[in-house]
Amino acid sequence: MSHLALARKYRPQRFADLVGQDPIRTTLERAVATNRVAHAYLFAGPRGSGKTTTARLVAKAMNCAKRREGEAEPCNDCPSCLEITAGTSMDVLEIDGASNRGIEEIRNLRENVKYAPSGGKSKVYIIDEAHQLTDFAWNALLKTLEEPPEHVRFVFATTEPLEVPDTIASRCQVFEFRRLRAEELVRHLMVVAKAEGAKLEDEAAVLIARASEGSVRDALSRLDQALSVSPDGVTASVVAQALGLAGLDAYFELGEALASRDPKAALETLDRLHDRGMDVEEVADGLTHHLRQLLLVAVDPSLVRLIDAAPTDRERYAAQAARFQANDLSAMLALLLETRGQLRRAEAPRVLLEVCLVELCTLPSASDVGSLIGRLEALEARLGGAPAPAPAPRAKPEARTTEAAAPPRRASESPARVAESPARASESPVRPADPPPPAERTAAIEPAAEGDAVIRWRQAVDRVKERKLLLGTCLEEGFFLGIAGSNVRVALSPEHAFHRAMLEMKENREILNQEFERLYGRGVTLVCVSSDQAVSGSGYQVRPTTPGAEPDEEGGTDGAPDGLVQRIVDLFDGEILKPGPQGSGAS
């Protein structure tokens, strides 16, 4: 006898055999038992979820000659049940909506519904892929569907319920079939493997269930394929070989590379998978699923129950998730999903995925950002929560004065230079800072005060994150220097070359300038400078110093720098030596 596919061999023949559709099964059983079967049903759901099988069960139960009153299960022994099981019954007609979609086929159906059933109690029309019918065909069926003969029942099965006209759906009882959960599929696969006398490992069953995406038919077909490779027993390696899957070990290797920030290991793992014939889209999908599992555990260890994996693999997920923070995994998933959408239309998909892996390994860690925030908060605490006061303006020689110091400087003003030696500084106040260039004096907006500018800066970062998470993360890594005329100045260290490149991309600049204009005013743009330029442009030399070291005489306290320079000095643990010559960054 020829081999019968497992999907056909283990097709449910009773309502009790249906897997994962308990609410639908209970409702239909009661309808059959109480003789309240509707004249038309619409079964909607993904492929392999049991729509057509359930329609056959309804037809078999209605026409069963030995079914007792008040019961729903067919006997599977009478001639009607045997004919329906074999697909030879004249009273149950299965019509493929894709190949019989025209108005002529529906006209023939309307002509045949008036004839009584040949041997059973009811005539049942099962129209599969019903969404393929044309509008004219649906319109021809409307009247018959609204007032069918007493002996006729219609069952429409579709994977696209939104394609079915509302006028049809409103005349049917609609049942939504769902995808099966991974653990339900695993249990069913174990039952089938035991019935076949084959040993199926838990890891192999989980791998098949994950690849089947909730479809019972797909899961049984993949099990059948694995059994053809190894009839005595199916292991995870056998499933990976038979189905061309990567297996969990490869994705744990990729996860380890991401946790260690090791792009070399990630690229080597991708190369091995590619040599084994894995498609880059499948690798991206598998890595996305793997990071999603890690994210669940990273958010809360109790969510490990939501992971569709064997118990031993759940422990591996929990151990690897401990090496990540939830924010890191969220940013990685956002970048990976963005890349996944570009792979299908990319000319070099492997290169695109390689670039994505390198970026995933070089993304800034949430712990690093938290450490930086902690340093900034400590710096603000040391500064008393406000910038240092600016020096008093120098009076004219003919009208010297000892008036109080000027009010605090705005963020757009240039830092004042310490221009006097200690001896002369005791005789007269420090001269004022050089006036801003004409471009800054004629800016489109008036710069905000420093405290207000910092608040708006944080709001801008949050808004950019909402629009593009990776771009907002790169912007957050910058050190906000303040407003200079119509420019928002941000300092980035040399190791943040990737972040600066992201900020200066044309499409990203449009997003940034839109948000800055929204918060600071029309005409405001972002200007990125290196941290070295930010220090040298202030007119001071900053050198590392040990705690407790005394400043030079020329860096005395008579002419205290403004708040920006003092923040840079404190951030880099340096000291002010002396002003550089006019027009240069440092002496």
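Please refer to the structure higher up on the page.
The sections below set out a description of the structure shown in this document.

Describing the overall build of the protein chain
Here's step 1: Of regular secondary structure, the protein chain possesses 26 helices and 12 strands.
Here's step 2: Each of the 587 residues in the protein chain was classed as buried or not, and the buried ones make up 46%.
Here's step 3: In the protein chain, the proportion of contacts linking residues at least 24 apart, taken out of those at least 6 apart, comes to 74%.

Things to note about the packing of helix α3 (residues 51-63) against helix α4 (residues 79-86)
Axes are the key here: two packed helices are described by the angle between their axes and the distance separating the axes.
Here's step 1: Close contact between α3 and α4 brings their axes to 9 Å; oriented N to C, the two are set at 160 degrees. One finds that α3 runs roughly antiparallel with respect to α4. Crossing angle aside, the handedness with which α3 passes α4 is right-handed. Of the residues in α4, those in contact with Arg56, Ala59, Lys60 and Asn63 of α3 are Ser80, Cys81, Ile84 and Thr85.
Here's step 2: Class assignment for the residues of the contact of α3 with α4 results in three nonpolar, three polar and two charged.

Structural notes on helix α11 (residues 236-243)
Here's step 1: Among the residues making up α11, those that are buried are Val238, Val239, Ala240, Ala242 and Leu243.
Here's step 2: In this structure, the buried side of α11 is in contact with α9 (202-212), α10 (216-229) and β7 (233-234).
Here's step 3: One or two residues past the end of α11 sits glycine 244, with phi positive at roughly 70 degrees.

Points about the packing of aromatic side chains
Here's step 1: Scanning the model with the defined rule gives 11 aromatic pairs in all.
Here's step 2: Measuring from ring centre to ring centre gives 5.9 Å for tyrosine 41 and phenylalanine 43, while their planes differ by 35 degrees; the resulting arrangement is tilted. You'll find tyrosine 41 and phenylalanine 43 in the same group, each marked buried.
Here's step 3: Taking the centre distance of 4.9 Å and the plane angle of 45 degrees together, the rings of phenylalanine 252 and tyrosine 317 count as tilted. A residue pair is termed long-range when its members are at least 10 positions apart, and phenylalanine 252 in helix α12 (residues 248-259) and tyrosine 317 in helix α15 (residues 311-321) qualify at 65 residues.
Here's step 4: For phenylalanine 252, a relative accessible area of 7% translates into the label buried.

Here we look at the sheet that holds strand β10 (residues 525-530)
Here's step 1: Overall, mixed pairing links the three strands, which are arranged β8-β9-β10 in an open sheet. The sheet is open, and its two edges are formed by β8 (479-484) and β10, each paired on a single side. Taken pair by pair, the neighbouring strands of this sheet meet at an average axis angle of 25 degrees, ignoring direction.
Here's step 2: Sheet topology places β8 next to strand β9 (residues 487-492); five bridges connect them, and they run antiparallel. Residue pairing for β9: isoleucine 483 is matched across the bridge by valine 488.
Here's step 3: Sheet strands in contact with helix α23 (residues 497-504) are β9 and β10, and its direction is about 160 degrees off that of β10.

Here we look at empty space enclosed by the protein
Here's step 1: One pass over the full model with this rule turns up two cavities of 30 Å³ or more.
Here's step 2: The calculated volume of the largest cavity comes to roughly 70 Å³.
Here's step 3: Every residue along the wall of the largest cavity is listed here: Arg11, Pro12, Gln13, Thr53, Arg56, Leu57, Lys60, Ile84 and Thr85.
Here's step 4: Of the residues forming the lining of the largest cavity, the biggest block, four residues, is contributed by α3.
Here's step 5: Looking at the lining of the largest cavity residue by residue, the classes come out as three nonpolar, three polar and three charged.

As for unusual backbone geometry
Here's step 1: Despite not being glycine, glutamate 129 has its phi angle at roughly 50 degrees, a positive value.
Here's step 2: Relative to the helices and strands, glutamate 129 resides in the loop between β3 (123-128) and α6 (135-146).
Here's step 3: You can call glutamate 129 partly exposed: its relative accessible area is 25%.
Here's step 4: Its identity is not glycine, yet glutamate 213 carries a phi of approximately 55 degrees, on the positive side.
Here's step 5: Position of glutamate 213 relative to the elements: it lies in the loop between α9 and α10.

Criteria and cut-off values
- Residues numbered from 1 in each chain as written.
- Predicted model: local features only at pLDDT ≥ 70, side-chain atom pairs only at ≥ 80, totals over all residues.
- Heavy atoms only, no water.
- Helix = DSSP H or I, 4+ residues; strand = E, 2+ residues; numbered from the N terminus.
- Buried < 20%, exposed > 50% of the residue type's maximum accessible area, 1.4 Å probe, protein only.
- Contact = heavy atoms within 4.5 Å.
- Axes fitted to C-alpha atoms, helices over the stretch in contact; angles between N-to-C directions.
- Parallel < 35°, antiparallel > 145°, perpendicular 65-115°, else oblique.
- Left-handed = near helix turned anticlockwise from the far one by under 90°.
- Nonpolar A, V, L, I, M, F, W, Y, C, P; charged D, E, K, R; others polar.
- Phe/Tyr/Trp six-rings, centres within 6.5 Å; stacked < 30°, edge-to-face > 60°.
- Pairing = 2+ DSSP bridges.
- 1 Å grid on protein atoms, 1.4 Å probe; cavity = no way out; pocket = protein on both sides within 12 Å on 5 of 7 lines; lining within 4 Å.
- Points joined across faces, edges and corners; volume = space filled by probe spheres on them.

Limitation: the analysis is restricted to geometry and does not speak to function.
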